[in-house]
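Given next are the chains, with one letter for each unit.
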Amino acid sequence: MVSFSADSIVMGTTNFQNISDVLKLQPSVVVKDYGGIGGMKTISVRSFGSQHTQISIDGIPQANAQTGAIDLGVFPLNTTKELNLSIIDNADMLLPARSVAAASLLNIQGADIVANSDYAAAFCEYGEFGTIRPYVSINKHISSDDALFVSASLDRTEGDYTFELKNADTTTSHKRQNGDARQVRLQADYQHIGNVGVKSKIYYYDANRGLPRATTYYNLISHERLTDRNLIAQTSVNKHIGVFALSAFARYNYSLEEYKNPDALGSSLAEAKYAQNEVFVGFAAMVSPINSLIVSAAADIANSRLRSEQVEGSPMRNHLNAALRAKYIYNNLLATASLIATAYHDKNAETRHRLNAAASLAYAPFEWLNIHTAYKKSERLPSFNDLYYSGVGSRSLSPEQATQFDVGMQISTRTKLVTTSFSADYYHNNITDKIVAIPTKNIFVWSMMNVGKVEIDGVDMSLDANCHISNDINIRASANSSYQHSIDVTNRSSNTYGHQIAYIPRIAYGGMLLASIRWFSATYALQRQGKRYVLNQNTTENRLEGFTDQSVSVMYANGCKSIKYQIALTCRNVADAQYEVVKNFPMPGRSFAASVKITYK
């Protein structure tokens, strides 16, 4: 079991505009970023595709049956208290079965609103490229056990940043075209504590953005537009009765995606709509028959539907997960074991099912040392696009199969002034039946097939140190590095055999330094990714050079009576590095922003 987390102190720095910015600083996490505030952002954990990472909000799994990948840009950073990334297993024994089944789990955790005092907050950031980000929120107690939280935010940018294009020995400067974006987020939360705990959320996301053209052949003009509307309504109920604990949860999700391309009038590519609905319900139960043993069971079912002219047959899927887990604790030994059953049935297709398992062992021979190992088999289901996209999808696809093995250690020390933690992990992963697109009749007619195999060996290292000099002076530093040897082992006669898989850097590292002295604080963050390849064939033509991204912010925070305020200045991409995370989608250069936050209690 391996986990990384980012708390409200880290996320409160103004270096970060969205959740993906925080995740970039975690070892073996690769964020595919298509540029700017409005660009889609997905994550790859330990060289697995983004479909292998389950995204949860307040513990309830989210989904996108159409593509299998969730855009992290949809979710707000300013209402997030903590991010927890668990790989292989999670210590929470009341997890939904879908979360237990995933190779890794990212939980986006909101604040405990009952524990918070009543307050109203307003925030606004103004920056270059026509960027403005206002946000307001109110937290109000109805009673000592009940509270409401509401928030609204707007992210808007013109996205017209300058970038450089290189062609042989010639470098020219251009401005990004059609990169504007407008994103609105509305949220309402209710929480009740007592004999029965209840936590409910309604979240609405509305975005309209331009889709900049890939910077190929200097053809930069684009009029393509994408509109996204996403509604999430979810609730969870928790009850503890002696040695028993019960949890029930439900979620409804509706999303509508509309694509328009005025330049393709008269073509089937001029307009496309994708409407998704998913209903998800489940429960988890836990019992501790003796002090050293905890046993839990969980089951959930989801019904997903997609309507689109581009996807054949209006797909519908029923997806069932069930998990039986045990945790045993004896002195300094912790052992867990899980059995996970999955089954899914698509309309007009046969039911498929599989049984997977996971186990972990941790031992602390000394107070300062923890040694752990873990093993898990998991799968990711083919998406509706994989199966049914017109002319490309293949209805015979099986789920991708994943195997993970991890061994590592953690060293923690504490003195009166300094707390430190160092961890190191070696992991070996395999993917079989990987879903890939290959040509069929000719190079212009492609189909999805289960032919891919990937072998992954990697090392993660991270260091976190906190120096609390006095009540007014605190310094916190973190650093991480990762090595990922992720190679294609599908076919020995292939020209990609033994090559690093696309977009996974062999070496990456990063870190953060936070220093606060009474009312003033400063933050510095760095992320470095080595060279990558845009295709599985590692040729010079396919190579994407490495990059270093740095950001700095300074903040002044003070207050009087019931009003507190923060004033911050931020510089992102300090060195004005010209780089691409995804080929032909340049990232913004150096930019400055100023923000003000006022809180009334």
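This report concerns the structure included in the present document.

Definitions and cut-offs
- Residues numbered from 1 in each chain as written.
- Predicted model: local features only at pLDDT ≥ 70, side-chain atom pairs only at ≥ 80, totals over all residues.
- Heavy atoms only, no water.
- Helix = DSSP H or I, 4+ residues; strand = E, 2+ residues; numbered from the N terminus.
- Rg over C-alpha atoms; globule rule 2.2 N^0.38 Å.
- Buried < 20%, exposed > 50% of the residue type's maximum accessible area, 1.4 Å probe, protein only.
- Contact = heavy atoms within 4.5 Å.
- Areas by Shrake-Rupley, 256 points an atom, 1.4 Å probe, with all protein chains shown as cover.
- Lys, Arg positive; Asp, Glu negative; His and termini not counted.
- Charge placed at Lys NZ, Arg CZ, Asp CG, Glu CD.
- Phe/Tyr/Trp six-rings, centres within 6.5 Å; stacked < 30°, edge-to-face > 60°.
- Lys NZ or Arg CZ within 6 Å of the ring centre and 35° of its normal.
- Patch = residues over 30% accessible without salt bridge, like charges linked within 9 Å, V, L, I, M, F, W, Y side chains within 5 Å.
- Salt bridge = Lys/Arg side-chain N within 4 Å of Asp/Glu carboxyl O.
- Core = buried A, V, L, I, M, F, W, Y, C linked by side-chain atoms within 4.5 Å.
- Pairing = 2+ DSSP bridges.
- Disulfide = S-S within 2.5 Å.

## Structural notes on the overall build of the protein chain
Along the protein chain, the regular secondary structure elements total four helices and 35 strands. Radius of gyration (C-alpha) of the protein chain: 24 Å, near the 25 Å computed for a compact globule of 601 residues. Along the three orthogonal principal directions, the C-alpha set of the protein chain runs to about 65 × 55 × 45 Å. Looking at the protein chain as a whole, 48% of its 601 residues qualify as buried. Partitioning the intrachain contacts of the protein chain with sequence separation of at least 6 by distance along the chain shows that 61% fall at a separation of at least 24. Accessible area of the protein chain: about 27600 Å², with a carbon and sulfur share of 59%. For the protein chain, the separation between the mean place of its 56 positive charges and that of its 52 negative charges on side chains is 1 Å.

## Structural notes on the packing of aromatic side chains
Inspection of the entire model under this criterion finds eight aromatic pairs. The interplanar angle of 5° and the centroid separation of 5.3 Å between the aromatic rings of F366 and W368 together place this pair among those described as stacked. The exposure class of F366 is partly exposed, given its relative accessible area of 47%. With a relative accessible area of 43%, W368 lands in the partly exposed category. Pairing Y556 with Y565 gives two aromatic rings, centres 6.2 Å apart and planes at 50°, and the pair type is tilted. Residue Y556 is classed as partly exposed on the basis of its relative accessible area of 24%. According to the relative accessible area criterion, Y565 is partly exposed, its value standing at 29%. Against the face of F163 rests R176, its NZ or CZ located 5.9 Å from the ring centre. For the cation-ring pair, R518 lies above W519, with the distance from its terminal atom to the ring centre recorded as 4.1 Å.

## What about the side chain of D406?
Relative to the helices and strands, D406 resides in strand β23 (residues 400-414). The buried category is assigned to D406, whose relative accessible area is 0%.

## A closer look at a nonpolar patch on the surface
A surface patch of nonpolar side chains, amounting to about 760 Å² of accessible area, comprises Y375, F405, V407, Y426, V459, M461, Y483, I507 and Y509. Every element with two or more residues in the nonpolar patch is listed here: β23, β25 (446-468) and β27 (507-517). Looking at where M461 falls in the secondary structure, it is placed in strand β25.

## What to know about the nonpolar core
L23, I43, F75 and L83 are the most contacted members of the largest nonpolar core, which totals 34 residues. With near-sequence residues (within four places) excluded, L83 lies in contact with F4, S5, A6, M11, I19, V22, L23, N107 and I108. Formed by 16 residues, the second largest nonpolar core is a distinct cluster that contains A97, A245, F280 and A323.

## Points about the pairing of strand β17 (residues 271-290)
Looking along a regular strand, one sees side chains alternate from face to face of the sheet. As paired strands, strand β16 (residues 244-260) and β17 are joined by 17 bridges and run antiparallel to one another. Note on β17: the bridge partner recorded for F249 is G282. Hairpin geometry of β17 and strand β18 (residues 293-307) is characterised by an intervening segment of two residues between the two adjacent antiparallel strands.

## Let's talk about the environment of V114
By the secondary structure assignment, V114 is in the loop between β7 (104-110) and β8 (119-127). Its relative accessible area of 10% is what places V114 among the buried residues. Measuring from C-alpha to C-alpha, the distance between V114 and Y190 comes to 9.0 Å, with 76 residues separating the pair along the chain.

## With respect to unusual backbone geometry
At Y503, a residue that is not glycine, the phi angle is positive and equals roughly 65°. When you line up the elements, Y503 lands in the loop between β26 (473-488) and β27. Taking the relative accessible area as the measure of exposure, Y503 reaches 12% and is therefore buried.

## Some points on the state of the cysteines
Taken as a whole and judged by the stated rule, the model has zero disulfides. For the unlinked cysteine C124, the closest cysteine sulfur is that of C571, found at 19 Å. We classify C124 as partly exposed; its relative accessible area is 31%.

## A closer look at the pattern of salt bridges
Applying the stated rule across the entire model yields 27 salt bridges. Of the charged contacts, one joins D155 and R185 as a salt bridge, the two residues approaching to 3.2 Å between their closest N and O atoms. Pair noted here: D155 is in strand β10 (residues 146-157) and R185 is in strand β13 (residues 181-192), with a separation of 30 residues, a long-range link. For the pair shown, D155 and R185 are each scored as buried. A network of salt bridges, in which partner residues are shared, links E125, R133, D155, R185 and R572.

## Things to note about the side chain of H52
Turning to its location among the elements, H52 is positioned in the loop between β3 (41-45) and β4 (53-57). For H52, a relative accessible area of 3% puts it in the buried group. Excluding residues that lie within four positions of it along the chain, H52 makes contacts with A102, A103, S104, R380, E400 and A402.

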